[in-house]
Amino acid sequence: DQQVKQNSPSLSVQEGRISILNCDYTNSMFDYFLWYKKYPAEGPTFLISISSIKDKNEDGRFTVFLNKSAKHLSLHIVPSQPGDSAVYFCAASISNFGNEKLTFGTGTRLTIIP
Amino acid sequence: DTGVSQNPRHKITKRGQNVTFRCDPISEHNRLYWYRQTLGQGPEFLTYFQNEAQLEKSRLLSDRFSAERPKGSFSTLEIQRTEQGDSAMYLCASSLGLPGPQYFGPGTRLLVL
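Residues numbered from 1 in each chain as written. Chains lettered and ligands numbered in written order. Predicted model: local features only at pLDDT ≥ 70, side-chain atom pairs only at ≥ 80, totals over all residues. Heavy atoms only, no water.

Undergrad: Summarise the overall build of chain A; cite the residues concerned and give the values.
TA: Counting secondary structure elements, chain A contains zero helices and eleven strands. Reading chain A from its N end, one meets helices and strands in the order β-β-β-β-β-β-β-β-β-β-β. Its C-alpha atoms give chain A a radius of gyration of 14 Å, near enough to 13 Å, the size a compact globule of 114 residues would have. Its C-alpha atoms put chain A at 45 × 30 × 20 Å along the principal axes. The buried share of chain A, reckoned over its 114 residues, is 46%. Across chain A, contacts joining residues at least 24 apart in sequence account for 55% of those joining residues at least 6 apart. (Helix = DSSP H or I, 4+ residues; strand = E, 2+ residues; numbered from the N terminus. Rg over C-alpha atoms; globule rule 2.2 N^0.38 Å. Buried < 20%, exposed > 50% of the residue type's maximum accessible area, 1.4 Å probe, protein only. Contact = heavy atoms within 4.5 Å.)

Quick look at the structure:
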């Protein structure tokens, strides 16, 4: 049972334009969400997170939007740069003590076209 | 470098051998996590520690897998009698706890022949 889904395996965006990566989840108990970026042969790098008490969080070129009623979150990257080419994973958790695992989606490969 | 470190970065072994991986977390982090990632998938949770206590184990962690964090600092993950299906990237992460991000190391890539 895939509780976190990234339905687009890949996405290509022109440099300078907006990249929008999407993620859906099924478990309504999830209350903390994260986006990670991964280059080949490296571990995931934390980008940005959002708690379920918010619907938007911004950090520089990265903005995460959360729609709890639709169980959907998205990551916006503006403007997109060549160095943003990587695999992006969304992850979700239930932030209770003793249950701190992250559940990841399968990833979206983003390619920025110069 | 004060990030999470993992050793070795690569390990090739023959089926049936035992392997051990080490993870050194960010020094002030009391939580330490192990994940496994296979091709085309996201990382899958294996187990986690708060200080030296192992608080949760996934059903993915069969009897052949054991993890320790003896003094609440570094951790080891041992796989006994390796099988070809154990071939994967083994990732370690650390954090100060939820809500808050987990910071990942570079991973150990295991290939079982």
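Undergrad: Run through the state of the cysteines, naming residues and quoting values.
TA: Residue and element names in this part refer to chain B. Applying the stated criterion to the full structure yields two disulfides over all chains. Covalently, Cys-23 is tied to Cys-92 through a disulfide, its sulfur atoms 1.8 Å apart. With the S-S bond torsion at -70°, the cross-link from Cys-23 to Cys-92 turns out left-handed. Residue Cys-23 is found in strand β3 (residues 19-24), and its partner Cys-92 is found in strand β9 (residues 88-95); the two are separated by 69 residues along the sequence. For the pair Cys-23 and Cys-92, one class covers both residues: buried. (Disulfide = S-S within 2.5 Å.)

Undergrad: I'd love a proper account of the interface of chain B and chain A, names of residues and values included.
TA: Contacts between the two partners involve 26 residues from chain B and, on the opposite side, 22 residues from chain A. Carbon and sulfur atoms supply 60% of the area that chain B and chain A bury against each other, a total of about 1,900 Å² over both sides. When the area that chain B buries against chain A is broken down by residue, the three leading residues are Pro43(B), Leu98(B) and Phe104(B), summing to 26%. Connecting chain B to chain A are seven residue pairs in polar contact (both at pLDDT 80 or more). Only β4 (31-37), β5 (44-50), β6 (53-57), β9 and β10 (103-104) of chain B provide two or more residues apiece to the side of chain B that touches chain A. A class-by-class count of the residues in the side of chain B that touches chain A yields 14 nonpolar, nine polar and three charged. (Buried area = accessible area lost by both parts, 1.4 Å probe. Polar contact = N/O pair within 3.5 Å; in protein donor to acceptor, adjacent residues only side chain to side chain. Nonpolar A, V, L, I, M, F, W, Y, C, P; charged D, E, K, R; others polar.)

Undergrad: Talk me through a nonpolar patch on the surface; I want residue IDs and the actual numbers.
TA: All names here are of chain A. The grouping of Ile-18, Ile-20 and Val-78 at the surface amounts to a nonpolar patch, some 220 Å² of accessible area in total. Residue placement: Ile-18 occurs in the loop between β2 (10-14) and β3 (19-25). In this structure Ile-18 comes out as partly exposed when scored by relative accessible area, which is 40%. (Patch = residues over 30% accessible without salt bridge, like charges linked within 9 Å, V, L, I, M, F, W, Y side chains within 5 Å. Areas by Shrake-Rupley, 256 points an atom, 1.4 Å probe, with all protein chains shown as cover. Salt bridge = Lys/Arg side-chain N within 4 Å of Asp/Glu carboxyl O.)

Undergrad: So what's going on with the sheet that holds strand β1 (residues 5-7) of chain B? Residues and values would help.
TA: All names here are of chain B. The strand order across the open sheet built from four strands is β1-β3-β8-β7, with neighbouring strands paired in antiparallel fashion. Looking along the sheet, the strands with just one partner apiece sit at the ends: β1 and β7 (65-68). Averaged over all adjacent pairs, the angle separating strand axes in this sheet is 15°, with direction ignored. (Pairing = 2+ DSSP bridges. Axes fitted to C-alpha atoms, helices over the stretch in contact; angles between N-to-C directions.)

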